[in-house]
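Observations on the three-dimensional arrangement
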Amino acid sequence: MSPNAPLRALPQGFRDEERDLKKAGISNWGQLRDLTDQNLSRLVATGRSTARNLKRLRGIAELVCCLELAPADAALLMHAGFATIAAIASSSPQEITNRTGRLERQLGSGRAPVVDLAIAKQWIREAKARQTTN
C-alpha cells in the first residue's frame, strides 16, 4: 500500500487515536509513519490518544509503507510478534504462518488463516530487500 494511502476505518480499539490524528492533520499512512516521539507525546497531551496505541499505529504504518502491506496484514503481523521489518526478515515462513494462524484462532475469527507459506515467503523476501536498501 502506498504511503499516501488514506487512513481509513482504523480498528475500533483506535477510535480516539483516529480522531486525534485527523484533528492533527494526519491523513495518510506515510504521515503517521513519520511522526516523531515528540509528535506522539503532543498528541497524547492534547487529545484522548494513548502513547501505546499511537506507537502501535506507527509500527503498523511502517509495515504498510515499507512492505506495501494492507493495514489488516500489518496489524496481524504486529500483534503476532513481528513488529519490525528486521523481525520479519529474520523469521522463517513456517514461523510466520504458525504465529499468525495461532493469533487468528485465539481471536476466534472463524475464518480460514489469511497467511500461507507463499505469502509469508513473499513478506520475508520484501523485508530482506528493504533491509539491504536502507
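Definitions and cut-offs
Numbers given for residues are sequential positions, taken from 1 along each chain in its written order. The model is predicted, so local features are restricted to residues of pLDDT at least 70 and side-chain atom pairs to those at 80 or more, both for listing and for counting; the totals for chains, interfaces and linings are taken over all residues. Side-chain numbers here rest on the full set of heavy atoms in the structure, without hydrogens or water. A run of H or I in DSSP becomes a helix once it reaches four residues, and a run of E becomes a strand once it reaches two; helices and strands are each numbered from the N terminus. When we talk radius of gyration, it's over C-alpha atoms, and the globule rule is simply 2.2 Å times the number of residues to the 0.38. In this scheme, a residue with accessible area under 20% of its type's maximum is buried, one over 50% is exposed, and one in between is partly exposed, where area comes from a 1.4 Å probe on protein chains only. The method behind every accessible area is Shrake-Rupley, applied with a 1.4 Å probe, and residues are considered shielded solely by the protein chains displayed. Think of it this way: Lys and Arg go in the positive column, Asp and Glu in the negative one, and His and the chain ends go nowhere. Working definition for charges: the position is that of NZ of Lys, CZ of Arg, CG of Asp or CD of Glu. The rule for a disulfide is simple: a pair of cysteine sulfur atoms within 2.5 Å. Residues grouped as a nonpolar core are buried Ala, Val, Leu, Ile, Met, Phe, Trp, Tyr and Cys residues, joined through side-chain atoms within 4.5 Å. Angles shown run from 0 to 180 degrees and are taken between the N-to-C directions of axes, each axis being a line fitted to C-alpha atoms and, for helices, limited to the stretch in contact. What sets the label is the angle itself: under 35 degrees gives roughly parallel, over 145 gives roughly antiparallel, 65 to 115 gives roughly perpendicular, and the rest give oblique. Note on contacts: a residue pair is in contact if any heavy atoms of the two residues lie within 4.5 Å. Under the grouping applied here, Gly and all other residues not named as nonpolar or charged are polar, the nonpolar ones being Ala, Val, Leu, Ile, Met, Phe, Trp, Tyr, Cys and Pro and the charged ones Asp, Glu, Lys and Arg. We define a salt bridge as a side-chain nitrogen of Lys or Arg found within 4 Å of a carboxyl oxygen belonging to Asp or Glu.

So, on to the overall build of the chain. Across its full length, the chain holds eight helices and zero strands. Traced from its N-terminal end to its C-terminal end, the chain shows the element sequence α-α-α-α-α-α-α-α. Its C-alpha atoms give the chain a radius of gyration of 15 Å, within 12% of the compact-globule value 14 Å for 134 residues. Projected onto its principal axes, the C-alpha positions of the chain cover 45 × 40 × 20 Å. Out of the 134 residues belonging to the chain, those deemed buried represent 39%. Entry remark: accessible area of the chain is about 7,500 Å², with carbon and sulfur atoms responsible for 50%. The positive charge centre, built from 20 side chains, and the negative charge centre, built from 13, are 3 Å apart in the chain.

So, about the state of the cysteines. Enumeration over the complete set of coordinates arrives at zero disulfides. Among the cysteines around Cys 66, which has no disulfide bond, Cys 65 carries the closest sulfur, lying 6.4 Å off.

Before going further, it helps to examine the nonpolar core. In terms of nonpolar packing, the biggest core is built from 38 residues, with Leu 21, Trp 29, Leu 32, Leu 63, Leu 77, Ile 88 and Ile 96 touching the most fellow members. Broken down by secondary-structure element, the contributors of at least two residues to this core are helix H2 (29–33), helix H3 (37–46), helix H4 (51–67), helix H5 (71–79), helix H6 (85–89), helix H7 (93–107) and helix H8 (117–133).

We now examine the packing of H5 against H7. Contact geometry of H5 with H7 gives a least axis separation of 9 Å together with a crossing angle of 95 degrees. Classified by the angle their axes make, H5 and H7 are roughly perpendicular. Of the residues in H7, those touching H5 at Leu 76, Leu 77 and His 79 are Ile 96, Thr 100, Leu 103 and Glu 104. Within the contact of H5 with H7, the residues separate by chemical class into four nonpolar, two polar and one charged.

Here we come to the pattern of salt bridges. Overall, the coordinates contain five salt bridges when judged by the stated rule. The residue Asp 34 makes a salt bridge to Arg 33 at a minimum N-O spacing of 3.1 Å. Close ionic contact of Arg 99 with Glu 95 constitutes a salt bridge, the shortest N to O distance being 2.9 Å. With Arg 99 and Glu 95 both in helix H7 and four residues apart, the pair spans about one turn of that helix.

Turning our eyes to something else, we now look at the environment of Leu 40. Along the polypeptide, Leu 40 turns up in helix H3. The class for Leu 40 is buried, based on a relative accessible area of 3%. Linking Leu 40 and Arg 58, residues 18 residues apart in sequence, is a C-alpha distance of 9.4 Å. Not counting chain neighbours up to four residues away, the residues in contact with Leu 40 comprise Leu 35, Leu 54, Lys 55 and Arg 58.

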